[in-house]
Amino acid sequence: GLWYFVALKAVDDIKFNNLGNRGWQVVITKRLEQGLGGEATAPQAHASGTGTTPAFTVRYAKPEDAGELIDITYDTYRYTHPNEVFYHESRLAEAIAKGEIIFTVVESGGTIACTDSISVLPYAPGCGYVGALMSRRAYRKTRAVLHLLNENKRYMESNPLGLDLYTSTTVTAHTGSQKAGEKIGFKPSGLFLNEGSVINFRNMRATDGRRESFVVYVYISKKPTLETMY
């Protein structure tokens, strides 16, 4: 009772929602006299959890986005991303222009909040590799990644490239990557222990280890067919 009385002195309203087995949810409302603005940028407002819900748009990357994609790569992996093309602006722009790498990006206010990519493997032309899910630190607690995953799911279901399957590799040190794969329909197909050097995630909770272990995921986009033998 005392806690509730004191809390009401600091906010305008408090509600309690019964979530059953998940416990109780406390919803606090505080009215602001002025809207957020001034010198605060949109990413800062999103990161702090204040202001209105940010507006996100989803599109495919263009060659001129290469520089910003490299910035997001560093913001996520520092210099430990295994694909070196992600650190070379001209090579990355060329790969985007040729359609070798298809980046889906989520934008907010003209800034790329998060991205991932689909690559058609040259040694397996019927297989698309989904990976490099990266987000700016300011947007990791927003719905930006959810918009990205929804677009990934839609893309794989529509399968515009006519691929047989999509595959992805997630790391055991960062369980969020595994949750993202499951959300868009990937199924685990293999576990590779101590396969790669440790990845230096920037400002993300991860389990430290000497070498990285991978979970390989597969999404079947076409019903497998067998050739008829006579």
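So, a few notes on the structure that sits alongside this text.

## As for the overall build of the chain
A tally of helices and strands in the chain yields 6 helices and 9 strands. Across the 230 residues that make up the chain, the buried fraction comes to 36%. Expressed as a percentage of contacts within the chain between residues at least 6 apart in sequence, the contacts between residues at least 24 apart total 60%. Summing over all exposed atoms, the chain offers an accessible surface of approximately 14700 Å²; the carbon and sulfur share of this is 52%.

## Here's the deal with the pattern of salt bridges
Going through the model one piece at a time under the given rule, you end up with 7 salt bridges. We note a salt bridge from Glu94 to Lys98, for which the minimum N-O separation is 2.9 Å. Looking at Glu94, the relative accessible area reads 42%, which means it is partly exposed. One salt bridge connects Arg154 with Glu151, and the closest N-O pair in it is separated by 2.7 Å. Here Glu151 and Arg154 lie together in helix α5 (residues 144-158), a separation of 3 residues that amounts to about one turn. Of the residues examined, Arg154 reaches a relative accessible area of 40% and is grouped as partly exposed. A relative accessible area of 15% means that Glu151 is categorised as buried.

## Considering the pairing of strand β7 (residues 165-171)
Consecutive residues of a regular strand have side chains that alternate between opposite faces of the sheet. Most of β7 sits inside the fold, with 5 of its 7 residues counted as buried. As defined by bridge partners, strand β6 (residues 127-135) adjoins β7 across 4 bridges and the pair is classed as parallel. Bridge pairing in β7 places Cys127 opposite Leu165. Each parallel crossover has a hand, and the one from β6 via α5 to β7 is right-handed.

## Looking at the packing of aromatic side chains
A complete count under the given rule lists 6 aromatic pairs for this structure. Note on Phe56 and Tyr139: the rings are 6.3 Å apart at their centroids and 70° apart in plane angle, and the pair reads as edge-to-face. Of this pair, Phe56 sits in the loop between α2 (42-48) and β3 (57-60) while Tyr139 sits in the loop between β6 and α5, and the two are 83 residues apart along the sequence. In this pair, the class of Phe56 matches that of Tyr139, namely buried. Pairwise contacts between aromatic rings join Tyr166, Phe186, Tyr217 and Tyr219 into one cluster.

## Thoughts on a nonpolar patch on the surface
A surface patch of nonpolar side chains, amounting to about 750 Å² of accessible area, comprises Trp3, Tyr4, Leu8, Phe16, Trp24, Val26 and Ile28. With respect to the helices and strands, the residue Trp3 is situated in helix α1 (residues 2-10).

## Observations concerning the side chain of Thr76
Counting through the fold element by element, Thr76 comes out in helix α3 (residues 66-77). For Thr76, a relative accessible area of 3% corresponds to the buried category.

## Points about the environment of Tyr217
Looking at the secondary structure, you find Tyr217 in strand β9 (residues 211-220). Sequence-distant contacts of Tyr217, that is, excluding residues within four places in its chain, are made with Tyr166, Thr167, Ser168, Thr170, Gln178, Glu182, Phe186, Lys187, Pro188 and Ser189.

## As for unusual backbone geometry
Phi at Ala132 takes a positive value of approximately 60°, unusual for a residue other than glycine. Take Ala132: it is sitting in strand β6. With relative accessibility at 13%, the residue Ala132 sits in the buried group. The backbone of Asn159 shows a phi angle near 50°, a positive value even though the residue is not glycine. Among the structural elements, Asn159 can be located in the loop between α5 and β7. The exposure class assigned to Asn159 is buried, which follows from its relative accessible area of 11%.

## Observations regarding the nonpolar core
Of all hydrophobic cores here, the largest spans 18 residues; its most connected members are Leu69, Phe86, Leu92, Ile101, Phe103, Val105 and Met134. Of all elements in the fold, only α3, α4 (89-97), β4 (101-108) and β6 reach the threshold of two or more residues within this core. In terms of residue count, α3 provides more of this core than any other element does, 5 residues in total. Excluding anything up to four places from it in sequence, Leu92 contacts Ala66, Leu69, Ile70, Val85, Phe86, Ile101 and Phe103.

Calculation rules
Residues numbered from 1 in each chain as written. Predicted model: local features only at pLDDT ≥ 70, side-chain atom pairs only at ≥ 80, totals over all residues. Heavy atoms only, no water. Helix = DSSP H or I, 4+ residues; strand = E, 2+ residues; numbered from the N terminus. Buried < 20%, exposed > 50% of the residue type's maximum accessible area, 1.4 Å probe, protein only. Contact = heavy atoms within 4.5 Å. Areas by Shrake-Rupley, 256 points an atom, 1.4 Å probe, with all protein chains shown as cover. Salt bridge = Lys/Arg side-chain N within 4 Å of Asp/Glu carboxyl O. Pairing = 2+ DSSP bridges. Right-handed = clockwise from strand over helix to strand, strands pointing away. Phe/Tyr/Trp six-rings, centres within 6.5 Å; stacked < 30°, edge-to-face > 60°. Patch = residues over 30% accessible without salt bridge, like charges linked within 9 Å, V, L, I, M, F, W, Y side chains within 5 Å. Core = buried A, V, L, I, M, F, W, Y, C linked by side-chain atoms within 4.5 Å.

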